Amino acid sequence: MTDLFLWMGAAYLLGSVPVAYLAGRLGAGIDLREHGSKNVGATNVQRVLGWKFSIPVGVLDIAKGVVATSVLGTRAGSAPWMQIAIGSAAVIGHVFSVFLGFRGGKGVATAAGVVLVLAPGALGISALIWLATVAVTGYVSLASILAAAAFPVATWITLPKNYYTIGVGVVLATFILLTHRVNIQRLRAGTENRFRGLRRGRQ
């Protein structure tokens, strides 16, 4: 059990690495928390710095979840729930980064990295929902909410007997919904910013 907590700590620190913040500082000399939506995630990087920066940031945020689950997760033990716990620690680190005063991104990309290892088929279904929602509405936040909500159902369809993964899907979906609670309020008020820039405002 001590090993589990050590590897969870390592995963948390890995998840805490503020890739978007570093991209802003090193790439443009700015603090991303003072620009755009003030969020340290790939979406805000795209809005402020463009695709040249946002694509690498998104890939690296996903990689944090993949490495935590597939590499660190296998070091703690063979029980499936251990791998899930360590992957989840990386998501928590991304959202509550120790390097940014326990503030961070929304956790979507790092969570996607975790479930890419655990349930790639279900992630594929959620990714299609995400892409379709962004294409139709332009709202990245709505796309993330719907994709997260769909993931446990997609996992149940593709891995009906993998109860650990279904459970973590429910937990991660709930966690992502909570990190988007302000976005939900703005969606209801009609003030949420569109990814395509059709509306101006905060995100």
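The rules we used
- Residues numbered from 1 in each chain as written.
- Predicted model: local features only at pLDDT ≥ 70, side-chain atom pairs only at ≥ 80, totals over all residues.
- Heavy atoms only, no water.
- Helix = DSSP H or I, 4+ residues; strand = E, 2+ residues; numbered from the N terminus.
- Expected span 1.5 Å × (residues − 1).
- Buried < 20%, exposed > 50% of the residue type's maximum accessible area, 1.4 Å probe, protein only.
- Arc of directions from axis to C-beta.
- Contact = heavy atoms within 4.5 Å.
- 1 Å grid on protein atoms, 1.4 Å probe; cavity = no way out; pocket = protein on both sides within 12 Å on 5 of 7 lines; lining within 4 Å.
- Points joined across faces, edges and corners; volume = space filled by probe spheres on them.
- Nonpolar A, V, L, I, M, F, W, Y, C, P; charged D, E, K, R; others polar.
- Axes fitted to C-alpha atoms, helices over the stretch in contact; angles between N-to-C directions.
- Parallel < 35°, antiparallel > 145°, perpendicular 65-115°, else oblique.
- Left-handed = near helix turned anticlockwise from the far one by under 90°.

S.K.: Would you mind going over helix α1 (residues 2-16) in detail, with residue names and values included?
M.R.: Taking 1.5 Å per residue as the helical rise, α1 with its 15 residues ought to reach 21 Å, and the 21 Å between its terminal C-alpha atoms agrees with that figure. Listed in full, the buried residues belonging to α1 are Leu-4, Ala-11, Tyr-12, Gly-15 and Ser-16. Taken end-on, α1 shows its buried residues confined to a sector of 135°, consistent with a single buried face. Residues Thr-2 and Leu-6 are exposed on α1 and point more than 90 degrees away from its buried face. As for α1, its buried residues are in contact with α4 (51-76) and α5 (80-95).

S.K.: Tell me about the environment of Gly-24, residues and numbers included.
M.R.: If you trace the backbone, Gly-24 turns up in helix α2 (residues 19-28). With 25 residues separating them in the primary sequence, Gly-24 and Leu-49 have C-alpha atoms 7.7 Å apart. Dropping the residues within four chain positions of it, Gly-24 is found in contact with Gly-29, Ile-30 and Leu-49.

S.K.: Would you mind going over empty space enclosed by the protein in detail, with residue names and values included?
M.R.: Here the structure, examined in full by the defined rule, presents one cavity of 30 Å³ or more. The calculated volume of the largest cavity comes to roughly 40 Å³. As for the largest cavity, its lining consists of Gly-15, Ser-16, Val-17, Pro-18, Val-19, Val-40, Lys-64, His-94, Leu-100, Gly-104 and Gly-105. Per-class residue counts for the lining of the largest cavity are five nonpolar, five polar and one charged.

S.K.: Would you mind going over the packing of helix α3 (residues 42-49) against α4 in detail, with residue names and values included?
M.R.: For the pair α3 and α4, the least separation of the axes is 7 Å and the interaxial angle reads 165°. The angle between α3 and α4 places the two elements in the roughly antiparallel class. In this structure, α3 meets α4 at a crossing whose hand is right-handed. Note on element contacts: α4 touches α3 through Trp-51, Phe-53, Ser-54, Val-57 and Gly-58, opposite Ala-42, Val-45, Gln-46 and Leu-49.

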